[in-house]
Amino acid sequence: MQLSHAARSAESSAIRDLLRHADRPDVLSLAGGLPAAELFPVATISEVAGSVLARADGLQYGLSEGDLALREIVSDGDPENVLVTTGSQQALDLIGRVVLDPGDPVVVGDPCYVGARQVLLANRAELIGVGVDHDGLDVDELESHLAGGLRPKLVYVVANFDNPSGAVLAADRRARLAALADAHDFLIIEDDPYGALRYDGDPVAPIPGDRVLRLRSASKTLVPGLRVGWVSGPQFVIDAMVIAKQAVDLHTSTVSQAIVRELLLQPGWFDQHVAGLLPWYANQRDTLVAAIAAHLPAAEFHRPDGGMFVWCRLPGSDTASVLTDAVEAGVAFVPGSAFAVDRDLTDHLRLSFATVAAAQLPVAVARLAQVVQPG
């Protein structure tokens, strides 16, 4: 028996492949975008989970749309246009299933989050890469593509602390992107897993308009293992996604939803919890940035205002070719080529400051410097 064409052509995630090889106690991994486990509110989650598991209603089948009380908490107004998903990655997949036909063009940043690239290609989209700078997606370049006749079904952006670049889409670019969506009849996916993890500066308002599918998640601020995300957007898309979700898994875990719901219902608890995360992650970022400046003086990078990543360029290097040597030297990272759509990102790499202990971050960068700057 043969696999389907879609299965045969599917690409594995470069990050997950890497983590399998780098998951050794002697390797300091700057690769995966995992939140710091020591910050997980384990005791509080255990207490809430105990109360959820003690009630039969928390163990029953649930609505495909998701727990109504949870949707009311996380909605920006109308819970009917919110769908709770098994992580925001499932929301991406469901959007692809209900919006895309094979060959439909989708605009993404270049570099692009590998999870989005993987799911869009699995839905047989044609990816169109648009440049990313310190102010996020280059809307001028997008407008040039549109003037040349491009008619995308979707434009995908991580507007706050882009993965991998760390960029924040500027307010004026958000407004222009919304206007272009209206003028050229496309939908915007605003993926926002990191928006609450801002260490400097003021928040930027979400992309305006009624053509935005906004993805959010409890993974980076609570715990990823619960696999609770949600998407809001135009009702006709949400309705179609609900039907698609019924065929995939019926509904997101009622236990996980109930735990997240009860945590968010505790007055002030979530805000206090996030406030405790920020100084810890900010110190991690500052420590990594200082280590890069000290050990990799030729590196070109932008200090991010939030998120979990520093995106570096090492002129003249081939980061993929030295990855095996780096792992043998005791450090892991993600090479820039893993995020490339059309551009040559051979000399780039993504470094995460989220999980390696602060005292070990300079050690990790020193190990990296030995590989990319031999002798």
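Look up: the structure comes first, before these words.
As the structure is a computational prediction, the values presented were derived from the model and not from experiment.

Caption draft 1: The sheet that holds strand E9 (residues 229-232), seen in detail. Spatially, eight strands are ordered E2-E9-E8-E7-E6-E3-E4-E5 in an open sheet, and the strand pairing comes out mixed. Two strands close off the open sheet at either side, each with one partner strand: strand E2 (82-85) and strand E5 (136-137). Summarising the sheet, strand E6 (residues 154-157) and strand E7 (residues 187-191) pair through four bridges and their orientation is parallel. Pairing of valine 157 across the sheet is with glutamate 190, part of E7. On the sheet, helix H5 (residues 87-99) packs against E2, E6, E7, strand E8 (212-217) and E9 and is oriented at approximately 155° with respect to E8.

Caption draft 2: Examining a negative patch on the surface more closely. Taken together, the side chains of Glu72, Asp78, Glu80 and Asp239 present a region of like negative charge at the surface. Here aspartate 78 is to be found in the loop between helix H4 (68-74) and E2.

Caption draft 3: Focus on the environment of methionine 308. On the secondary structure map, methionine 308 appears in the loop between strand E10 (300-301) and strand E11 (309-313). Sequence separation of methionine 308 and asparagine 81 is 227 residues, and the distance between their C-alpha atoms is 29 Å. Not counting the four nearest positions on each side in its chain, methionine 308 is found in contact with Gly33, Leu34, Pro35, Tyr194, Leu197, Lys220, Tyr281, Leu351, Ser352, Phe353 and Ala354.

Caption draft 4: Structural detail: unusual backbone geometry. Cis geometry is adopted by the peptide bond preceding proline 111, which originates at aspartate 110 and carries an omega value of 25°. Relative to the helices and strands, proline 111 is located in the loop between strand E3 (105-110) and helix H6 (114-122). Note the cis peptide between asparagine 163 and proline 164, where omega equals 20°. Looking at where proline 164 falls in the secondary structure, it is placed in the loop between E6 and helix H8 (171-184). You will see that leucine 250, though not glycine, has its phi angle at about 65°, which is positive. By the secondary structure assignment, leucine 250 is in the loop between helix H9 (235-248) and helix H10 (254-265). Assessed through its relative accessible area of 44%, leucine 250 is described here as partly exposed.

The rules behind the values
Position numbers for residues count from 1 along each chain, tracking the sequence in the order it is written. Whole-chain, interface and lining totals are the exception, using all residues; otherwise, since this is a predicted model, local features are given only for residues with pLDDT of at least 70 and side-chain atom pairs are given and counted only at 80 or more. The basis for every side-chain value is the complete set of non-hydrogen atoms in the structure, without hydrogens or water. Only strands that DSSP links by at least two bridges are regarded as paired with each other. In this text, helices come from DSSP runs of H or I with a minimum length of four residues, and strands from runs of E with a minimum of two, each type numbered from the N-terminal end. Residue contacts are defined here by distance: any two heavy atoms, one from each residue, within 4.5 Å place the two residues in contact. Interaxial angles span 0 to 180 degrees and are taken between N-to-C directions of axes, which are lines fitted to C-alpha atoms, for helices over the stretch in contact. Patch membership requires over 30% relative accessible area and the absence of a salt bridge. Like charges are linked within 9 Å, and nonpolar side chains (Val, Leu, Ile, Met, Phe, Trp, Tyr) within 5 Å. Methods summary: accessible areas were calculated by the Shrake-Rupley approach with a probe of 1.4 Å, and residue burial reflects only the protein chains presented. When a carboxyl oxygen of Asp or Glu lies within 4 Å of a side-chain nitrogen of Lys or Arg, that pair is called a salt bridge. We score Asp and Glu as negative and Lys and Arg as positive, and we do not count His or the chain ends. Think of each charge as sitting on NZ of Lys, CZ of Arg, CG of Asp or CD of Glu. Note on classification: 1.4 Å probe, protein chains only; a residue is buried when its accessible area is under 20% of the maximum for its type, exposed when over 50%, partly exposed between these limits.

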